[in-house]
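Residue-level structure breakdown
Each chain is listed here by its residues.
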Amino acid sequence: APLPSAWPPTMANDTTKPAEDDEEEYQKYNLNLRGDVHVEVREAPYMRKEWHKIMNGDPVEINPSFGHGYKIMTVDEWAKRWKRNDDFPDCAACGSTNTKEHHFVQTWCRGKKKWQSEIMCLGCHMFTWRSYKDPDFLTPEEYEKQRWEKMVDEHKADKEKAALEGKEMPEMPEA
C-alpha cells in the first residue's frame, strides 16, 4: 500500500493539535496576586553551607549529573547552571539584572498559590528572596484539619441541641 502524502508524520500536519485560539491559558505564579510579595535582601542564601564554602575557597561537592567528588569553585562556576528568572530579574540590593535563580518552589492547592524564589546577583553577590502566599491559601493538611474541626464543632452543637430537646444523638465515629 502506498504511504500517505504527508509521510513521515510531523507536527505541521498533526490534526490533533488545537487551533491557536483554542489553546488554554495557563496561570502564571506571579500574576493576579492578592497580597504583597515579601522581599528580603541577604548576604547569604538560605542554602548557607555551600555558599560559605565557595566564599572561603573550600571544595564543594560536584553535581552528580556532571561528575563526582569535590572541587574548589568560583561564584560564577557555582552559578553557571542556574537559570535567569525573567519574571523577577532585578537584584533588590543594587538593581542589576545580572542575576541567576538558585531556588524556586511553587505550590498550588484548590486554585490558591504560594511560591518562593531566591536569586543571586552576579555583580554584588547579594541574594534577593521573594515569597508570596494567597491570604486564604491552605495546604491539603491544613484544609483537612479545618474541615474535620468544623465537622466536630457542628456535631457538638447538634448534640447539645438534641440534649436540650431531650433527644439522644449517636457518638461521632473515631477518625
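Conventions and cut-offs
- Residues numbered from 1 in each chain as written.
- Predicted model: local features only at pLDDT ≥ 70, side-chain atom pairs only at ≥ 80, totals over all residues.
- Heavy atoms only, no water.
- Helix = DSSP H or I, 4+ residues; strand = E, 2+ residues; numbered from the N terminus.
- Contact = heavy atoms within 4.5 Å.
- Areas by Shrake-Rupley, 256 points an atom, 1.4 Å probe, with all protein chains shown as cover.
- Pairing = 2+ DSSP bridges.
- Axes fitted to C-alpha atoms, helices over the stretch in contact; angles between N-to-C directions.
- pLDDT = per-residue confidence, 0-100.
- Phe/Tyr/Trp six-rings, centres within 6.5 Å; stacked < 30°, edge-to-face > 60°.
- Buried < 20%, exposed > 50% of the residue type's maximum accessible area, 1.4 Å probe, protein only.
- Core = buried A, V, L, I, M, F, W, Y, C linked by side-chain atoms within 4.5 Å.

Some thoughts on the overall build of the protein
- When you go through the protein residue by residue, the secondary structure sums to three helices and six strands.
- Along the chain direction, N to C, the helices and strands of the protein fall in the order β-α-β-β-α-β-β-β-α.
- Nonlocal contacts in the protein, meaning residues at least 24 apart in sequence, comprise 48% of its contacts between residues at least 6 apart.
- Put simply, the protein shows about 13,000 Å² of open surface, and 52% of that area lies on carbon and sulfur atoms.

A word on the sheet that holds strand β5 (residues 112–121)
- What the four strands build is an open sheet, ordered β1-β6-β5-β4; its pairing is antiparallel. Pairing within the sheet leaves two strands with one partner each, and these edge strands are β1 (38–42) and β4 (99–109). Adjacent strand axes in the sheet meet at a mean angle of 10° when their direction is disregarded.

Quick word on the confidence of the model for the protein
- Per-residue pLDDT for the protein averages 82, and the proportion of residues at 70 or more is 81%.
- Per-element averaging of pLDDT across the protein places helix α1 (residues 48–56) at the bottom with 84 and strand β6 (residues 127–133) at the top with 95.
- Predicted confidence for residues 6–19 stays below pLDDT 50, and this span has four contacts to residues more than four positions away or in other chains.

Topic: the packing of aromatic side chains
- Going through the model one piece at a time under the given rule, you end up with nine aromatic pairs.
- Look at Y29 and F104: their rings are 4.8 Å apart centre to centre, the planes differ by 65°, and that puts the pair in the edge-to-face class. Linking Y29 in the segment before β1 with F104 in strand β4, this pair joins segments that are 75 residues apart in sequence.
- Here Y29 falls in the buried class, since its relative accessible area comes to 9%.
- Cluster of aromatic residues (ring-pair linked, three or more members): Y29, F88, F104, W115 and Y132.

What about the nonpolar core?
- Counting residues in each nonpolar core, the largest one holds 13 residues, and the members touching the most others are W51, I54, M73, W78 and M120.
- Elements with a minimum of two residues in this core: α1 and α2 (75–79).
- Looking at this core element by element, the count peaks at three residues for α2.
- Beyond its immediate sequence surroundings of up to four residues, M73 is in contact with I54, V60, E61, I62 and W78.

Let's talk about the pairing of β5
- The buried fraction of β5 is high, at seven of ten residues.
- The hairpin formed by β4 and β5 contains two residues between the paired strands, and R110 there has a positive phi angle of roughly 50°.
- Note: β5 against β6, seven bridges, orientation antiparallel. Across the sheet, residue E118 finds its bridge partner in β6, namely W129.

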